[in-house]
Amino acid sequence: AKASGRNTFALYQSEMQAVSDARLEMEKALHHAIEDKQFALYYQPQNDANGQVIGAEALIRWKEGDKGFISPAVFIPVAEEIGLIVEIGQWVLNEALSQVAIWLKEGKWHASWRMSINVSPIQFQQAGFLPMLKAQLEQHDVPAGCIDLEITENTLLNDLSSCLEKMHAIKALGVHLSIDDFGTGYSSLKYLKSLPIDRLKIDQSFVRDLLVDGSDEAIVRAIIAMSKALNISVLAEGVETAAQYHRLWEMQCFHYQGYYFGHPLPADKFVSTFVYDALN
Ligand code: C2E
Ligand code: CA
Ligand code: CA
Ligand code: CA
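Since the model is a prediction, treat every value here as computed from it, not as a measurement. (Residues numbered from 1 in each chain as written. Chains lettered and ligands numbered in written order. Predicted model: local features only at pLDDT ≥ 70, side-chain atom pairs only at ≥ 80, totals over all residues. Heavy atoms only, no water.)

K.L.:
For this particular structure, what's the right way to read the nonpolar core?
P.N.:
One broad trend across soluble globular proteins is that nonpolar side chains are buried collectively. Formed by 82 residues in total, the largest nonpolar core has its most connected members in Leu-30, Met-115 and Leu-149. Broken down by element, this core gets its largest block of residues, ten residues, from helix α3 (residues 85-106). In contact with Leu-30, not counting residues within four places along its chain, are Phe-39, Trp-62, Phe-75, Val-78, Ala-79, Ile-82, Leu-84 and Ile-88. (Core = buried A, V, L, I, M, F, W, Y, C linked by side-chain atoms within 4.5 Å. Buried < 20%, exposed > 50% of the residue type's maximum accessible area, 1.4 Å probe, protein only. Helix = DSSP H or I, 4+ residues; strand = E, 2+ residues; numbered from the N terminus. Contact = heavy atoms within 4.5 Å.)

K.L.:
Looking at this structure, how should I read the coordination of the calcium ion (ligand 3)?
P.N.:
By definition of the ideal shapes, four donors in a tetrahedron about a metal sit 109.5 degrees apart, and six donors in an octahedron sit 90 or 180 degrees apart. Only Asp-180 (OD), Asp-181 (OD), Glu-237 (OE) and Glu-237 (OE) from the protein coordinate the calcium ion (ligand 3), and they sit 2.2 to 2.5 Å from it. Every donor residue of the calcium ion (ligand 3) comes from the same chain, spaced as D-D-x55-E. A gap of 3.9 Å separates the calcium ion (ligand 3) and the calcium ion (ligand 2), which Asp-180 links by coordinating each metal. Overall, Asp-181 belongs to the partly exposed group, its relative accessible area being 26%. (Donors = N, O, S within 2.8 Å, 3.2 Å for Na, K, Ca; no water.)

K.L.:
How do you make sense of a nonpolar patch on the surface when you look at a structure like this?
P.N.:
Residues Phe-9, Tyr-12 and Met-16 make up a contiguous nonpolar surface patch of about 340 Å² in total accessible area. Considering the arrangement of structural elements, one finds Tyr-12 in helix α1 (residues 2-33). Judged by its relative accessible area of 46%, Tyr-12 is partly exposed. (Patch = residues over 30% accessible without salt bridge, like charges linked within 9 Å, V, L, I, M, F, W, Y side chains within 5 Å. Areas by Shrake-Rupley, 256 points an atom, 1.4 Å probe, with all protein chains shown as cover. Salt bridge = Lys/Arg side-chain N within 4 Å of Asp/Glu carboxyl O.)

K.L.:
Please clarify how the confidence of the model for the protein should be interpreted in this entry.
P.N.:
Fine structural detail should not be taken from predicted coordinates in areas where pLDDT scores are low. Residues at a pLDDT of 70 or more form 97% of the protein, whose mean pLDDT is 93. Across the interface, the model reports ipTM at 0.98; the global pTM reads 0.94. (pLDDT = per-residue confidence, 0-100.)

K.L.:
Even after reading the chapter, I still don't get the pattern of salt bridges, so can you show me in this structure?
P.N.:
When the charged atoms of two side chains lie near each other, side chains of opposite charge can form a pair. Evaluated as defined, the whole model comprises 13 salt bridges. Between Lys-201 and Glu-57 there is a salt bridge, with its nearest N and O atoms 3.0 Å apart. With Lys-201 in strand β7 (residues 199-202) and Glu-57 in strand β2 (residues 53-63), this residue pair connects regions lying 144 residues apart in the sequence. For the residue pair Lys-201 and Glu-57, the accessibility class agrees, reading buried in each case. Here Glu-64 and Lys-67 are joined by a salt bridge, their closest N and O atoms 3.1 Å apart. Look at the salt bridges and you will find they share partners, linking Glu-57, Glu-150, Lys-201 and Glu-237 into a network.

K.L.:
Teacher, can you tell me more about the coordination of the calcium ion (ligand 2) here?
P.N.:
Note on the calcium ion (ligand 2): its protein donors are Glu-57 (OE), Asn-118 (OD1), Glu-150 (OE) and Asp-180 (OD). The metal-donor distances range over 2.1 to 2.3 Å. The sequence motif formed by the donor residues of the calcium ion (ligand 2) is E-x60-N-x31-E-x29-D.

Okay, structure coming up:
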């Protein structure tokens, strides 16, 4: 028994070693990803109750050599841990803004549409974030009203007063602010009242079981009621079926994002799939 226990431990150790080797390898690869042009943005439509496009969310994709795509759910947390998220986030903002600028010029982006860009709490917290945002808006000559920054509730866990100040400064530029994955974090209702927020995005985990889980339905109902009371708009994420869409509509949620309306696509495919119809 003793011997096998030791073997189990040895095996465990070697597995641990393999995991940390893979992790180190990913860190190394991430450091080269920007200059090697391995990142791309995909765009997923956001729609209203008539199915019309109202904007898009920019979602990063990492294609590393022969390994294919590595999910942002896997590499973004690593990039956050090693601080590289600041540089990656800056790349994302630059890429998304230059895409909007091109589409505006080509008549492929409606002036009322919003490009949603994810901002990591670590990136948001940087002292240089606001000047960087301002400089990029000017450089690309994109109207601030075309941009929506998605932050998570966890962003608010950092120094709240400096966070609030930054949010107000962003709003003063004319940029919109959404709270992403709403309902999964730690923001209190007390905060919510005082935040200069335009939109809550109901986390997809609540939408997934909306039709089968009474407590998820209650949570979705509560978020919609709250957004109404606070005069904040609300969008449901992860809408995959007509039935979910209809139920959300009955619940008076009129903005949606999810596979039912469209998958994230590269820029050219986004235009050929969603934009021609929308603008003609
Ligand atoms: P998120 O911001 O909550 O983005 C929504 C995720 O749900 C995306 O996954 C999207 O592809 C996926 N999705 C959209 N519709 C549906 C649906 O109907 N069903 C299901 N099951 N999933 C749907 P993705 O692109 O893999 O991104 C995962 C997460 O990685 C994002 O979650 C976000 O937290 C992070 N992320 C992605 N791009 C960026 C970025 O540019 N910057 C930062 N900081 N984080 C990013
Ligand atoms: Ca998001
Ligand atoms: Ca989300
Ligand atoms: Ca999420």
